[in-house]
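Fold and contact review
The primary structure of each chain is shown beneath.
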Amino acid sequence: MNIEIANKLLQLRKEKGLSQEALAQELGISRQAVSKWERAEASPDTDNLIELAKLYDISLDELLLHEPTTKEEKQESQEDEQPEKYVHIGMDGIHVKENTGDEVHVSWNGIHVHEKGGDKVDIDEDGVYINGKKREKKDWDDFKYEHRYEFPFGTIVFLGYLIYVVMTGQWHPTWIILFIIPLFSSLASAIRKRKLSHFAYPVLALMIFLWYGFTQYLWHPAWIIFLTVPCYYAIAHYIDHRKNFS
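In what follows, the accompanying structure is described. Computed from a prediction, not measured in an experiment: that's the story for all the values here. (Residues numbered from 1 in each chain as written. Predicted model: local features only at pLDDT ≥ 70, side-chain atom pairs only at ≥ 80, totals over all residues. Heavy atoms only, no water.)

1. Description of the overall build of the chain
Helix and strand content of the chain: 12 helices and 7 strands. Counting only residues that meet the buried cut, the chain has 29% of its 246 residues in that class. Put simply, of all contacts in the chain between residues at least 6 apart along the chain, 43% involve residues at least 24 apart. For the chain, the exposed surface amounts to about 16,700 Å²; the carbon and sulfur share of it is 56%. (Helix = DSSP H or I, 4+ residues; strand = E, 2+ residues; numbered from the N terminus. Buried < 20%, exposed > 50% of the residue type's maximum accessible area, 1.4 Å probe, protein only. Contact = heavy atoms within 4.5 Å. Areas by Shrake-Rupley, 256 points an atom, 1.4 Å probe, with all protein chains shown as cover.)

Take a look at the structure:
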């Protein structure tokens, strides 16, 4: 089957809100058959093409010739009118850029929030800067205790994840990225209190195990990562103990 037709079938099914299994039940076929269509490994027969056209309320020409549907044309028009949203989650941090021009970047180097036409806030090891002007420690302490403000790292990660999956449809296994929320919190606590044992290493181990399992299907031997948990805490407690008596 032509790859464009396969992509068209995948797009139409998602626009209809149907899973592969639900579509298969509608047509009275197996889910594997639907999967093969969408991977361009097989083609629907004439009867199934007719049923698909009826189900999606389009003509056979639109289905087979990849002519744009009304929904596609509307989506393209909206994309032309609005700037593209951008979400990046990687080892260098999390970067979210809204179509309004607002940007949020969170990384090990600091936190940067730039509101288009508004304030720019940069927090890093050099201090806190608002619109390019450094906040003095006294002013910042007064502000902190007055407002009891804590940067919502978990909220930003969750919103970034939602934006990403809505744009790409890749809910699984990207949900694993949400594990960085407790990881970041425990890392901050470990650094602040100078105790390695405060870092949530088991969460990191679970995150690595799930990622290799779901993406590489290496459930075995990936489970070995859990054997490092007691080793980590043995070393961490030893280092923490030496610091207390040094």
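2. Regarding the side chain of Glu38
Tracing the backbone through its elements, the reader meets Glu38 in helix H3 (residues 31–38). At 2.5 Å, the side chain of Glu38 and the side chain of Arg13 are in polar contact. In contact with Glu38, not counting residues within four places along its chain, are Ala6, Leu9, Leu10, Arg13 and Gln20. (Polar contact = N/O pair within 3.5 Å; in protein donor to acceptor, adjacent residues only side chain to side chain.)

3. Quick notes on the nonpolar core
One finds Ile180, Phe199, Tyr201 and Met207 to be the most contacted residues of the largest nonpolar core, which totals 24 residues. At the level of elements, strand E2 (93–97), helix H8 (153–168), helix H9 (180–193), helix H10 (201–216) and helix H12 (228–244) are the ones that each hand at least two residues to this core. Ranked by the residues each element gives to this core, the list is headed by H10, at 5 residues. In this structure Ile180 touches Ile94, Phe153, Val157 and Met207, once residues within four positions along its chain are discounted. Formed by 15 residues, the second largest nonpolar core is a distinct cluster that contains Leu18, Leu52, Ile58 and Leu63. (Core = buried A, V, L, I, M, F, W, Y, C linked by side-chain atoms within 4.5 Å.)

4. Remarks on the packing of aromatic side chains
Counted according to the given criterion, the structure contains 10 aromatic pairs. Seen from their ring centres, Tyr232 and Tyr233 are 5.2 Å apart, and the 85° between their planes marks the pair as edge-to-face. Residue classification places Tyr233 among the partly exposed positions, given a relative accessible area of 21%. (Phe/Tyr/Trp six-rings, centres within 6.5 Å; stacked < 30°, edge-to-face > 60°.)

5. Remarks on empty space enclosed by the protein
Tallied over the entire structure, the rule returns 1 cavity of 30 Å³ or more. When its volume is computed, the largest cavity comes out at roughly 30 Å³. Taken together, Leu9, Leu23, Val34, Trp37, Glu38, Leu52 and Tyr56 form the lining of the largest cavity. Looking at which element gives the most residues to the lining of the largest cavity, the answer is H3, with 3 residues. Tallied by class, residues from the lining of the largest cavity come to 6 nonpolar, no polar and 1 charged. (1 Å grid on protein atoms, 1.4 Å probe; cavity = no way out; pocket = protein on both sides within 12 Å on 5 of 7 lines; lining within 4 Å. Points joined across faces, edges and corners; volume = space filled by probe spheres on them. Nonpolar A, V, L, I, M, F, W, Y, C, P; charged D, E, K, R; others polar.)

6. Comments concerning the pairing of strand E6 (residues 127–130)
In the sheet, E6 pairs with strand E7 (residues 133–134) via 2 bridges, with the strands oriented antiparallel. Its bridge partner being in E7, Tyr129 is matched across the sheet by Lys134. Hairpin geometry of E6 and E7 is characterised by an intervening segment of 2 residues between the two adjacent antiparallel strands and by a positive phi of about 55° at Asn131. (Pairing = 2+ DSSP bridges.)

7. Looking at helix H2 (residues 20–27)
Gln20, Leu23, Ala24 and Leu27 are the residues of H2 that are buried. For H2, the angular spread of buried residues about the axis comes to 100°, placing them on one side. With respect to the buried face of H2, the exposed residues turned more than 90 degrees away are Gln25 and Glu26. Against helix H1 (3–16), H3 and helix H4 (46–56) lie the buried residues of H2. (Arc of directions from axis to C-beta.)

8. Considerations on H3
Those residues of H3 not exposed but buried are Val34, Ser35, Trp37 and Glu38. Projected onto a plane normal to the axis of H3, the buried residues spread over an arc of 155° and lie on a single side. At its buried positions, H3 is contacted by H1, H2 and H4. Taken from the residues just after H3, Ala40 is the one with a positive phi, measuring 65°.

9. Considering the packing of H9 against H10
It is at 9 Å that the axes of H9 and H10 come closest, and there the two elements cross at 150°. With respect to H10, the axis of H9 lies roughly antiparallel. Judged by the sense of rotation from one axis to the other, the crossing of H9 with H10 is left-handed. Contacts between H9 and H10 involve Ile180, Pro182 and Leu183 from the first element and Val203, Leu204 and Met207 from the second. (Axes fitted to C-alpha atoms, helices over the stretch in contact; angles between N-to-C directions. Parallel < 35°, antiparallel > 145°, perpendicular 65-115°, else oblique. Left-handed = near helix turned anticlockwise from the far one by under 90°.)

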